[in-house]
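A look at the structure
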Amino acid sequence: MASLPINPTINPHTLTLKPKSFVKFPQSHLITYQEDGRKEKLVNKSYYFKLLGSLCKEGQLEEAVDFLNEMEYQNMYVGPEFYGELLQGCVYERDLHLGQQIHAKIIKSGDCFAKNEYIETKLVIFYAKCYLFCVSNYLFCRLRKQNVFSWAAIIGLHCRMNLSKQALLKFIEMLENGILGDNFVLPNVLKACGALNFVEFGKCVHGHVWKLGFEGCVFVASSLIDMYGKCGVLDDARKVFDCMVERNVVAWNSIIVSYMQNGFNEEAIGVFYDMRTEAIEPTRVTLSSFLSASANLCALQEGKQGHAISIFSGLDLDNILGSSLINFYAKVGLVSDAELIFDRLIEKDVVTWNLLMSCYVQSGQTEKALNLSRLMRSKGFRFDSVTLSTILSASADLRDLKLGREGHCFCIRNNFENDIVVTSGIINMYAKCERIPDARRVFEYTMEKDLVLWNTLLAAYAEVGLSGESLRLFYQMQLYGLPQNAISWNSVILGFLRNGQINEAIDMFTQMKTVGLDPNTVTYTTLISGLSQNGHSSEALTYFKQLLQAGCRPNSASIVAALSASTNMASLHDGRAIHGHILRQKIPLSLPVATSLVDMYAKCGSLNCAKCIFELIPEKELALYNAMISGYALHGCVVEALSLFKHMLKGGVEPDSITFTSVLSACCHAGLVKEGLDVLYDMLSVYHHMKPSVEHYGCMITLLSRCGDLNETMQLIQSMPFEPDANVFESLLVACRELRETELEEHIANCLIKIEPDNSGHYVSLSNAYATTGRWDKVSKLRDFMKKKGLRKRPGCSWIQVGTEFHMFVSGDRWHPRTEEISTILDLLDREMQLTRFSFNNCEYQVIIP
């Protein structure tokens, strides 16, 4: 690097140079200090100034310094503007060392240089761009005249140092001093407003932009879009974008990023397509945002198009683009493609390693994630908080306490125990491994606890249903002066629901509104899912309607929970309404939503609709196949169920225990003993890792007993690797009753009473067995015993939905207002059925005996 020699001479504006070869001046432009040559001197000075500026802009600082030294060696007068231009070159290259040398030379050159307004401003800008906060501020405060350029430098420095509030205060001070903002100041001020989410302040700045006439500046307009996007005011961001006369790629990027960051991924993709029609070439930022939106929607085709565009545009696979591609392929489940991108990266950083590791954890390939972490260490990369959080998350998912403790020890050895992100991962790991006391101990030993850490422990208590502990911790947060956010309230509500405390959960939900905190989508989803799982499906649907009325956008989890509630109630009307909302709002038909729709339609009696939804999904997974096979089995379509099962196996999808339960249930409905035995045999011989459960044996026992093969049934029960449960005996009991095997029926009923002594149905079955053989004394004694124990047979119950009304019917109860009318219709139907059967029997008799 060239340097500026600083030696005191008679002429303070010239330098004594060490011998070296200098830049050769054109002979025709040598300056002669004569009275009659002033005009030529001015022309030559302008020429040399432009030449010096050109060298600085091209980053040739060493040549620029040599050039300046040669000028002084030729006794040419070098004014402050030359040093200012050289400082600007140091700004371009962020060359602090050379800039400091120039500063020293300026001071040595006297006050006419050091107190020159142009030089003073350039020095403030230089130190601000080099992030020397104290030096830049000191020089700024000493300025005799603080112009708009120095204010722009100091406000920009505050923004880059994340001192957004101070940046806004500086802007206010600037206005109070009578200096108006320009197209350099205003973008930095808008950036600070976006960082602080000060939308009202940002709107005032927007008014300032209009007043000064900068609305036509692409840079300022793009900053306005970015500010509104960060504040979540997307309508105003879109208005600014639509009013722009000229849009460059920065403006397009700003609106795409704004939509994506606020969860409006479909809109972000739509703007990207509009950008393509305008023939604007995308940058890495454009494609990264587009890929993130595609990843959030699991939009496979769109993401692949983005990848293809990046290749077609010739963009290098750097860390920015590569990270976005890895993230996209990870979220859509294409792990092999994510690996391929990772291998082809030009240069890998910690972020890319972490993304692939997280991809492995999300796809359940924990061993690969751990191997990758070892490879990462061997390549010389240090683990950061994200790496350690991913490893801890892997141990939490595996419930691997040993691995989690090893990760915890590594954190302590490498001074990560006070990192909030890592500590949250440790607490979550201990909670998932059901070591709540250890999680609490880690929490207590953490010196600085923020809201995230409190919420992590709160969620840990809630997940295991410790509602009392979570509520106590919730109130303890108030004592420590921490304001609870929506996540805190959601955890307490979840804790109550996990513990079956429905009323308490609803009370907490109501209190949340009274304190002025609006429930978000997660709050509603937690409540809807918890109510549905606790048998309160009607209330769950009510809260789903409230979610829509509140203007919240339902996510995949809330839609699945609402569809589950509709399925539990067998309410086709509500299920169709939810499906209609999905179609109207153009919500992507993700696999969980599609699976829930298939399950709902099948269980609510609309098998054709279930089949249509199933056929709409191009890339089917196991859960979707299970829902459709179960639907076929439920409707007795055994041929379709077995055919789909075979098709699934040919497609390379491996079945699980739910698949086999559905297939065996289908065989059971149709009485296909051979097919059922073949399926059970395949389960035992082909899929060794999958051992048949009680449910699978129960299906086979039901199948064999219904076909009248009680001996084979008893042999199967005896060969079971575990004790039969009540469901197995109940299936056998029904078959005994149909086959009039009274002794066996009595024996099974006694076994059931031993297994479930408080189940009144088993006593009734035993009583019926006694009555069949005429042992009325035992019937009487058994009835008396049931009365003493307070056991009553629960009456059968059914309901039907007509329009929006539910009509419930209980066996032996005549409370319904239209009972007489219903009974009359039933009598007519019964008589018609008897007449039909009589006519059929006569016809059959005439055919058999002419």
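Here is what the cut-offs are and how they apply
Residues numbered from 1 in each chain as written. Predicted model: local features only at pLDDT ≥ 70, side-chain atom pairs only at ≥ 80, totals over all residues. Heavy atoms only, no water. Helix = DSSP H or I, 4+ residues; strand = E, 2+ residues; numbered from the N terminus. Contact = heavy atoms within 4.5 Å. Areas by Shrake-Rupley, 256 points an atom, 1.4 Å probe, with all protein chains shown as cover. Expected span 1.5 Å × (residues − 1). Buried < 20%, exposed > 50% of the residue type's maximum accessible area, 1.4 Å probe, protein only. Phe/Tyr/Trp six-rings, centres within 6.5 Å; stacked < 30°, edge-to-face > 60°. Polar contact = N/O pair within 3.5 Å; in protein donor to acceptor, adjacent residues only side chain to side chain. Salt bridge = Lys/Arg side-chain N within 4 Å of Asp/Glu carboxyl O.

1. A word on the overall build of the protein chain
- Secondary structure assignment for the protein chain yields 46 helices and two strands.
- Contacts spanning at least 24 positions in sequence make up 59% of the contacts within the protein chain whose residues lie at least 6 apart.
- Summed over its atoms, the accessible surface of the protein chain is roughly 44,600 Å², and 54% of this surface lies on carbon and sulfur atoms.

2. Description of helix α17 (residues 300–312)
- For α17, which comprises 13 residues, the first-to-last C-alpha distance of 18 Å matches the rise-based estimate of 18 Å (1.5 Å per residue) to within 8%.
- Of all the positions in α17, only L300, G303, G306, H307, I309 and S310 are classed as buried.
- Buried residues in α17 make contact with α15 (265–277), α16 (284–297), α18 (319–331) and α19 (335–344).
- Following α17 by one or two positions, G314 has its phi on the positive side, about 75°.

3. Some words on the packing of aromatic side chains
- Enumeration according to the criterion identifies 18 aromatic pairs in this entry.
- When the centroid spacing of 6.1 Å and the interplanar angle of 65° are considered together, the rings of Y273 and F290 count as edge-to-face. Separated by 17 residues along the polypeptide, Y273 in helix α15 and F290 in helix α16 bring together distant segments of the chain.
- When its relative accessible area of 32% is taken as the criterion, Y273 is described as partly exposed.
- Look at F290 and you get buried, because its relative accessible area is 1%.
- Taking the centre distance of 4.9 Å and the plane angle of 85° together, the rings of F443 and W454 count as edge-to-face. Taken as a pair, F443 in helix α25 (residues 436–445) and W454 in helix α26 (residues 451–463) lie far apart in primary sequence, eleven residues in all.

4. Concerning helix α32 (residues 556–568)
- The terminal C-alpha atoms of α32 lie 18 Å apart, and with 13 residues this matches the ideal 18 Å at 1.5 Å per residue to within 8%.
- Buried within α32 we find S558, I559, A561, A562, L563, A565, S566 and T567.
- Next to the buried residues of α32 lie α30 (521–533), α31 (537–549), α33 (572–584) and α34 (591–603).
- At the N-terminal boundary of α32, the capping side chain belongs to N555, with an oxygen 3.2 Å from the backbone nitrogen of A557.
- Of the residues flanking the end of α32, it is A570, one or two places downstream, whose phi is positive at about 55°.

5. Digging into the pattern of salt bridges
- Throughout the structure, instances matching the rule amount to 16 salt bridges.
- Where K368 meets E339, a salt bridge forms, and the shortest distance between an N and an O atom there is 3.2 Å. Of the two residues, K368 is situated in helix α21 (residues 366–378) and E339 in helix α19; the sequence distance between them amounts to 29 residues.
- For the salt bridge of D678 with K674, the shortest nitrogen-to-oxygen distance reads 3.2 Å.

In short, geometric facts, not functional conclusions.
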